[in-house]
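Per-entry structural report
The primary structure of each chain is shown beneath.
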Amino acid sequence: MTSKNHSKRAQFGSRLGLVATTVGSAVGLGNIWRFPYEAGTHGGGAFLLCYIFFVILIGIPVICAEFAMGRASRSGVVGAYIKLGGNPRRWAWPGYAAILAAAMIIAFYSVVSSWTMEYMVHSTVHIFNPQPTGNIHNDFAQFIAGPKAVIWVAVFMLINGGVLLGGVQKGLERVSSILMPVLFLILLVFCVNSLLMPGASEGLSFLFHPDFSKLTPSVILGAMGQAFFSMSLGMGCLITYASYFKDDTPLLRTAGEIALLDTLVAILAGVIIFPAVFSFGMSPAEGPTLVFEVLPNIFSRIPGGDVWSALFFLLLFVASLTSLMSVSEIVVSFLGDEFRMKRRTAVLWITGIGIILGSLCSLSFGPLKSWNLFNIFDYISSNILLPLGGMATSYFVGWTLKKKFIAAQINPNGKIPAWLLSGIIISLRYIAPACILAVFIAGLF
Ligand code: PHE
């Protein structure tokens, strides 16, 4: 299917760049910050098995569906539904819901992302000018509630805007192609170091030992929600990126690569964090503060801790920047498609709005505690808009566009076995909508 602006639309320059950019979107705070504590507290290996089950059963089919929509329509999320849906009124709404979700995710994601910069810079300063450790818990609480956190949000959004200004090839792709190998390298260095620690085996058994007694229905559903968030599904991010794919990019293979690398990084993050936590006798069940309180505590006790700390927060910074870029690109592409807005103007808008909403979310930890926009945005986007978006995509592709469309996009040269193609269609038609509905209902309570 072609469109008028097909020839003008940006494209990724190389397959490696495309994979780096898309994996860059998937690998983020969800993998390094959220996955380890979710797995650690919810059954270890049992949670991991559930997670992998959902990645294969629902994740890969929905990635394929988003890829197919984006490449066939050569549009961002709203344009894809409108162009492919035939009747624009009927199918535009999941697109608009995705834009709303993107705006909310930018707002709260930029806050946590910007903390990584404070920690990185702080550690770097310590390297040259060692200081007493202080009280890590109070320092963290004070920092996130104060004006410095708001300034970091603005700095982070400006860096994000700077990358977006460069465009698809010279901005997103170039930055991801440099940063993603750096990210994997740092992960590897940390893995080796962690495995050499005295608590390595205890940490690994905490992460991998399957404790099936902890698998309640809500934990199982949580594993699916985690799979969706971690692979950037349900909000048109992969639709937008696929609109920059080449005509011959193999969609199923690329979907498999993204799912594999994303899961690998999540597991590696656990392999890094838990041996350290056990070696220092800390609690692995600290939840969300694991990365910003437990780890700094450990860094403060090991030789060269400031260097390790700077390196770790650089890792987290890279992971969150390449993810935030992708969420912002959803909106940039939408403004370009819908309002014919120039890239530069769209980037200015998204940066401005991001700074305002991000600052309001940041202040939710301080003066604006009673509004708590941070939690509201997190809740509405993760628990309501993303599942609804995923359901809409799978239903739309499975039932409205049907097998012919899927086969033409995923299997243009007939090399994929029939059973695999049928499996994808069955997942999109029945399994994915049913499972997502269950997560949605469970997520509301
Ligand atoms: N996948 C990212 C992470 O794991 C978050 C994200 C969600 C990015 C949705 C884009 C779209 O942190």
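Summary of the structure given here. Every chain's residues receive numbers from 1 upward, in the order its sequence appears when written. At least 70 in pLDDT is required for a residue's local features to be given in this predicted model, at least 80 for side-chain atom pairs to be given and counted, and no such filter applies to totals for whole chains, interfaces and linings, which use all residues. Just so you know, side-chain values use all the structure's heavy atoms and leave hydrogens and water out.

**Regarding the packing of helix α3 (residues 45–73) against helix α4 (residues 77–85)**
The condition is simple: Throughout, an axis means a line fitted to C-alpha atoms (over the contacting stretch in the case of helices), and angles, computed between N-to-C directions, take values from 0 to 180 degrees. By the criteria applied, helices consist of DSSP H or I runs no shorter than four residues and strands consist of E runs no shorter than two, each listed in order from the N terminus. Should an angle fall under 35 degrees it is taken as roughly parallel, and over 145 as roughly antiparallel, whereas 65 to 115 is taken as roughly perpendicular and any remaining angle as oblique. By definition, residues are in contact when any of their heavy atoms lie within 4.5 Å. Residues are grouped as follows: nonpolar covers Ala, Val, Leu, Ile, Met, Phe, Trp, Tyr, Cys and Pro; charged covers Asp, Glu, Lys and Arg; every other residue, Gly included, is treated as polar.
Relative to each other, α3 and α4 sit at 75°, their axes nearing to 9 Å. Here α4 runs roughly perpendicular to α3, going by the angle between their axes. Between α3, through M69, A72 and S73, and α4, the contact on the second element is made entirely by A80, Y81, K83 and L84. Residues that form the contact of α3 with α4 fall into these classes: five nonpolar, one polar and one charged.

**Details of the packing of helix α6 (residues 136–145) against helix α7 (residues 147–165)**
Where α6 meets α7, the axes come as close as 4 Å, and the angle between the chain directions of the two elements is 65°. Every residue of α7 that contacts α6 at F143, I144 and A145 is listed here: P147, K148, A149 and W152. Taken together, the residues that form the contact of α6 with α7 break down as six nonpolar, no polar and one charged.

**Focus on α4**
Let me state the cut-off plainly: For the exposure calls, accessible area comes from a 1.4 Å probe over protein chains only, and a residue counts as buried if that area is under 20% of its type's maximum, exposed if over 50%, partly exposed in between.
Burial analysis of α4 places seven of its nine residues in the buried class, the great majority of the element. Where α4 is concerned, the buried positions are V77, V78, G79, A80, Y81, L84 and G85. G86, located one to two residues past α4, shows a positive phi value of around 80°.

**Concerning the layout of surface pockets**
Our working definition: In this analysis a 1.4 Å probe is tested at points of a 1 Å grid over the protein atoms alone, and where it fits but cannot get out there is a cavity; an open set with protein on both sides within 12 Å along at least five of seven lines is a pocket; lining residues have an atom within 4 Å of a point. Grid points are joined across faces, edges and corners, and a volume is the space filled by probe spheres set on the points.
For the largest pocket, the calculated volume is near 940 Å³. What lines the largest pocket is a set of 40 residues, among which R34, E38, D378, S382 and N383 lie closest to the centre. Among the elements of the structure, α2 (29–41), α5 (88–128), α6, α10 (217–230), α16 (373–410) and α17 (418–443) are those that each provide at least two residues to the lining of the largest pocket. Per-element accounting of the lining of the largest pocket gives the leading share, ten residues, to α10.

**A few points about the site of the ligand**
The condition is simple: One heavy atom within 4 Å of a molecule or strand is enough for the residue carrying it to be called near that molecule or strand. Definition of a polar contact: a pair of N or O atoms within 3.5 Å, with one able to donate and the other able to accept a hydrogen when the atoms are protein atoms, and with sequence-neighbouring residues admitted only if both atoms are side-chain atoms. We get accessible surface area from the Shrake-Rupley algorithm with a probe of 1.4 Å; when it comes to residues, only the shown protein chains can shield them. What decides whether a molecule sits in a cavity or pocket is whether more than half of its atoms lie within 2 Å of the grid points.
A26, G30, Y109, F229 and S230 are the nearest of the 14 residues found near the ligand. Here an oxygen atom of the ligand sits 2.6 Å away from a polar atom, N or O, in the side chain of Y109. A distance of 3.0 Å separates a nitrogen atom of the ligand from a polar backbone atom of S230. For the ligand, whose free accessible area comes to 320 Å², the fraction covered by protein is 100%. When atoms are counted within 2 Å of each cavity's grid points, the one that captures over half of the ligand is the largest cavity.

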